[in-house]
Amino acid sequence: MPPRKHKIDEDETDPLSPSSHKTKIDQSKTSKQKPEKKVKADKPKKEKVENKKVETTLTKTAKDVKEKVVTLHGDEAMDLMMNYLREQNRPYSVTEISANLHGKVSKSVADKLLKEMSESGKINAKSTRGNEKGSQWIFWALQDTTDNANSEELNCMDDKIQDLKDAIKELKINLKSTTKKLESIKSTPTSAELAANVERLREENKSKMQRLEGYKNGQIKVVTKEEVSKVQNDFLYWTTKRLARKRAFHCLEDYFIESKPREELWEEAGIEEDTFYA
């Protein structure tokens, strides 16, 4: 009896079969390939620290650049506000003075000192509602009353003003006359232009004298009036003849064109077109 064949289980594989060989190779490849390690991203700690350092340095420099405003009190504040009112020479409120002085005098201190100065007569002051609460005060510097002029001085000033007005009128008249003179001077040619004009006129005179000598010596023939009239009469005569011949030509041309075209007729007869009188 022949030997029985060994049954191959489903799980078992034949070592000689190509499929089993391929599976072994694939398993070896997969076993060799190692899983890739995940690269951890470095946290930007150093950059944050550097940015913080830069910010701190910038804030420090900005603080150093800013000048510290020192608030004034007492006589210093009074002198500062007095000088400011004299320089500006216009009324201001307390808030405006404190703001215009850039905080050198606080609003409360300015209000107190300005009222004291007005009570002592150093400056003028006025409120919108008198001494009532909520009224706004306005302060301005004292005006010098010593410069007030008398009636005589005012009359002298009026006379001076009138004299100056009259002088202005005379000056305007002189200005007009001088401007006219200036325009006339500008319009006249200069010495260089005059010399060039003289030279040009001499050359023209020379050429004309040469032509005149030719007429006198008989080198240039002079045409008389009779000859001119004769030429004109001849011109009129021949123009009338030309028109008559042209009419006759057109009549003959119309007669011969019935049998031949115009181009062939002109070629056989040797006729040329009259372009001069076209």
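Worth saying up front: this structure is predicted, and the values here are computed from it rather than measured.

Comments concerning the overall build of the chain
Here comes step 1: In terms of helices and strands, the chain carries nine helices and three strands.
Here comes step 2: Secondary structure of the chain in N-to-C order comes out as α-α-α-β-α-α-β-β-α-α-α-α.
Here comes step 3: Out of the 278 residues belonging to the chain, those deemed buried represent 10%.
Here comes step 4: A separation threshold of at least 6 residues defines the contact pool for the chain, and within that pool the share at least 24 residues apart is 42%.
Here comes step 5: About 26200 Å² of surface is accessible on the chain, with carbon and sulfur atoms providing 55% of the total.

Some points on the nonpolar core
Side chains of a nonpolar character, in soluble globular proteins, are inclined to be buried together.
Here comes step 1: Counting 20 residues, the largest nonpolar core has Met 81, Leu 85, Ile 97, Val 105, Leu 114 and Ile 123 as the members making the most contacts within it.
Here comes step 2: Put simply, the parts of the chain that give this core at least two residues each are α3 (74-88), α4 (94-100), α5 (107-120) and β3 (137-141).
Here comes step 3: A per-element tally of this core places α3 first, with six residues.
Here comes step 4: Not counting residues up to four positions away in its chain, the partners in contact with Leu 85 are Arg 90, Tyr 92, Ile 97, Leu 114, Ile 123, Phe 139, Trp 140 and Ala 141.

Considerations on a negative patch on the surface
Here comes step 1: There is a patch of like negative charges on the surface, built from Asp 158, Asp 159, Asp 163, Asp 166 and Glu 170.
Here comes step 2: Its location among the elements puts Asp 159 in helix α6 (residues 151-187).

So, the sheet that holds strand β1 (residues 92-93)
Here comes step 1: A sheet is described by the order of its strands in space; here three strands give the open sequence β1-β3-β2, paired in antiparallel fashion. Both outer strands of the open sheet, β1 and β2 (123-127), are each paired with one neighbouring strand and no more.
Here comes step 2: Pairing of β1 with β3, which is carried by two bridges, proceeds in the antiparallel orientation. Note that in β3 the partner of Tyr 92 across the bridge is Phe 139.
Here comes step 3: Of the strands in this sheet, β1, β2 and β3 touch α3, which is tilted by about 75° from β3.

So, unusual backbone geometry
Here comes step 1: Phi is positive for Asn 89, which is not a glycine, with a value near 55°.
Here comes step 2: Considering the arrangement of structural elements, one finds Asn 89 in the loop between α3 and β1.
Here comes step 3: Given a relative accessible area of 47%, Asn 89 falls into the partly exposed group.

Comments concerning a nonpolar patch on the surface
Here comes step 1: On the surface, a nonpolar cluster with roughly 270 Å² of combined accessible area is contributed by Leu 154, Met 157 and Ile 161.
Here comes step 2: Topologically, Met 157 is positioned in helix α6.

Digging into the packing of helix α8 (residues 225-257) against helix α9 (residues 262-269)
Here comes step 1: It is at 10 Å that the axes of α8 and α9 come closest, and there the two elements cross at 115°. Crossing angle aside, the handedness with which α8 passes α9 is right-handed. Facing Phe 249, Glu 253, Phe 256 and Ile 257 of α8, the residues of α9 in contact are Arg 262, Leu 265 and Trp 266.
Here comes step 2: When the residues that make up the contact of α8 with α9 are grouped by side-chain class, the tally is five nonpolar, no polar and two charged.

Overview of the confidence of the model for the chain
Here comes step 1: In this model, the chain carries an average pLDDT of 76, and 71% of its residues clear a pLDDT of 70 or more.
Here comes step 2: In this model residues 5-26 is a low-confidence stretch, pLDDT under 50, and it forms three contacts with partners more than four residues away in sequence or in other chains.
Here comes step 3: Per-residue pLDDT stays below 50 along residues 60-66; that stretch engages in zero contacts with residues further than four places along the chain or on separate chains.

Concerning the pattern of salt bridges
Here comes step 1: Taken as a whole and assessed by the stated rule, the structure comprises three salt bridges.
Here comes step 2: As a salt-bridge pair, Arg 200 and Glu 204 come within 3.4 Å of each other at their nearest N and O atoms. Of this pair, Arg 200 and Glu 204 both sit in helix α7 (residues 191-217), four residues apart, roughly one helical turn.
Here comes step 3: Classification of Arg 200 by relative accessible area gives partly exposed; the value is 41%.

Observations regarding α5
Here comes step 1: With 14 residues, α5 ought to run about 20 Å at 1.5 Å a step, and its terminal C-alpha atoms sit 20 Å apart, in line with that.
Here comes step 2: Those residues of α5 that sit buried are Val 109, Ala 110, Leu 113, Leu 114 and Met 117. Along α5, the residues classed as buried sweep out an arc of 120° about the axis, all on the same side. Turned more than 90 degrees away from the buried face of α5 sit Ser 108, Lys 112 and Glu 119, all of them exposed.
Here comes step 3: Elements that come into contact with the buried residues of α5 comprise α3, α4, β2 and β3.
Here comes step 4: Within two residues after α5, Gly 121 carries a phi angle of roughly 90°, on the positive side.

Criteria and cut-off values
Residues numbered from 1 in each chain as written. Predicted model: local features only at pLDDT ≥ 70, side-chain atom pairs only at ≥ 80, totals over all residues. Heavy atoms only, no water. Helix = DSSP H or I, 4+ residues; strand = E, 2+ residues; numbered from the N terminus. Buried < 20%, exposed > 50% of the residue type's maximum accessible area, 1.4 Å probe, protein only. Contact = heavy atoms within 4.5 Å. Areas by Shrake-Rupley, 256 points an atom, 1.4 Å probe, with all protein chains shown as cover. Core = buried A, V, L, I, M, F, W, Y, C linked by side-chain atoms within 4.5 Å. Patch = residues over 30% accessible without salt bridge, like charges linked within 9 Å, V, L, I, M, F, W, Y side chains within 5 Å. Salt bridge = Lys/Arg side-chain N within 4 Å of Asp/Glu carboxyl O. Lys, Arg positive; Asp, Glu negative; His and termini not counted. Charge placed at Lys NZ, Arg CZ, Asp CG, Glu CD. Pairing = 2+ DSSP bridges. Axes fitted to C-alpha atoms, helices over the stretch in contact; angles between N-to-C directions. Left-handed = near helix turned anticlockwise from the far one by under 90°. Nonpolar A, V, L, I, M, F, W, Y, C, P; charged D, E, K, R; others polar. pLDDT = per-residue confidence, 0-100. Expected span 1.5 Å × (residues − 1). Arc of directions from axis to C-beta.

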